[in-house]
Amino acid sequence: MREAIRLSLAKMRRNHGGPFGAVVVCKGKIVGRGWNQVTSTNDPTAHAEMVAIRDACRRLKTFQLDGCELYTSCEPCPMCLAAIYWARFSKVFYANTRKDAQKIEFDDDLIYDEVATPISKRKIPMKQLLRIEALDAFKAWQKKTDRVRY
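Figured I'd write up the structure that's included with this text. (Residues numbered from 1 in each chain as written. Predicted model: local features only at pLDDT ≥ 70, side-chain atom pairs only at ≥ 80, totals over all residues. Heavy atoms only, no water.)

### Comments concerning the overall build of the chain
Where we set the bar: The way it works is that DSSP assigns letters per residue, a run of H or I at least four long becomes a helix, a run of E at least two long becomes a strand, and they are numbered from the N terminus. A simple rule labels every residue: compare its accessible area, found with a 1.4 Å probe on the protein chains alone, to the largest value its type can have, and call it buried under 20%, exposed over 50%, or partly exposed in between. For this analysis, residues touch if any pair of their heavy atoms sits within 4.5 Å. For the accessible areas, the method is Shrake-Rupley and the probe is 1.4 Å, while residue cover comes only from the protein chains on display. Positive: Lys, Arg. Negative: Asp, Glu. His and the chain ends are not part of the count. One atom stands in for each charge, and that atom is NZ of Lys, CZ of Arg, CG of Asp or CD of Glu.
Per the secondary structure count, the chain includes 7 helices and 4 strands. Put simply, the chain runs from its N terminus to its C terminus through helices and strands in the order α-β-β-α-α-β-α-β-α-α-α. Seen along its three principal axes, the alpha-carbon backbone of the chain occupies a region of about 50 × 40 × 25 Å. Evaluated residue by residue, the chain yields a buried proportion of 33% over its 150 residues. Considering only contacts in the chain between residues 6 or more positions apart, those separated by 24 or more positions represent 44%. Here the chain displays about 10,500 Å² of accessible surface, and carbon together with sulfur accounts for 56% of that area. If the 27 positive side-chain charges of the chain are averaged to one point and the 17 negative ones to another, these points end up 6 Å apart.

Here's what the structure looks like:
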């Protein structure tokens, strides 16, 4: 956790992004590091956890991190929380809470609320298009004999 906190401070001070850091640990060894790079890379998905997950997956040559732990300087936002589940971490440790982040103007409550809101009532309008055509890709996936399940 101290490395995640160290990254959050060091990289924030160097103007890489917000005050967030994360590390992925596997078998007691750090295998991935990340810090917030949203503003320095113009990438709204470059949260510390996402960057650490990408780094660990690249180093370990895998898309699943089961058996690994994530240490993050703040409670994960909804996007990072979803990525944590997709990556299949065995455990997550965090330092600051989402309420602590809210106090310094990092507020994810809108997104938490939107996830629970029916699609027809969300703030960003969403409309389904071309479902029948898109189903062709799903049908092809089902028939694909060499697919990699995840």
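### A closer look at the side chain of Ser8
Note that Ser8 resides in helix α1 (residues 2–13). If near-sequence neighbours (up to four positions away) are discounted, Ser8 is found in contact with Gly18, Pro19, Phe20, Gly21 and Ser73.

### So, the sheet that holds strand β1 (residues 21–26)
To keep it simple, the criterion reads: By definition, two strands form a pair when at least two bridges between them are found by DSSP. Each axis is a line fitted through C-alpha atoms, and for a helix only the stretch in contact is used; angles between axes span 0 to 180 degrees, taken between their N-to-C directions.
Strand order in the open sheet formed by 4 strands is β2-β1-β3-β4, and the pairing between neighbours is mixed. Single-partner strands in this sheet number two, and they are β2 (29–35) and β4 (91–96). Neighbour-to-neighbour, the strand axes of this sheet turn through a mean angle of 15°, independent of strand direction. Both β1 and β2 contribute to a ladder of 6 bridges, which runs antiparallel. The partner of Gly21 across the bridge, within β2, is Trp35. Strands in contact with α1 are β1, β2, β3 (68–74) and β4; relative to β1, the strand with the most contacts, it is inclined by about 150°.

### Considering unusual backbone geometry
Despite not being glycine, Asn15 shows a phi value in the positive range, around 65°. Note that Asn15 resides in the loop between α1 and β1. If you check the backbone angles, Glu105 has positive phi at about 75° while not being a glycine. With respect to the helices and strands, Glu105 occurs in the loop between α5 (98–103) and α6 (109–116). When its relative accessible area of 75% is taken as the criterion, Glu105 is described as exposed.

### Some thoughts on the packing of helix α3 (residues 48–60) against helix α4 (residues 78–87)
We count it as follows: When an angle is under 35 degrees it counts as roughly parallel; over 145 it counts as roughly antiparallel; between 65 and 115 it counts as roughly perpendicular; any other value is oblique. Here a crossing is called left-handed whenever its near helix is offset anticlockwise from the far helix by less than a right angle, and right-handed whenever the offset is clockwise.
Contact geometry for α3 and α4: axes closest at 9 Å, N-to-C directions at 25°. One finds that α3 runs roughly parallel with respect to α4. When you trace α3 past α4, the crossing you get is left-handed. Taking contact as the criterion, the partners of Glu49, Met50 and Ile53 in α3 are, on α4, Met79, Cys80, Ala83, Ile84 and Ala87.

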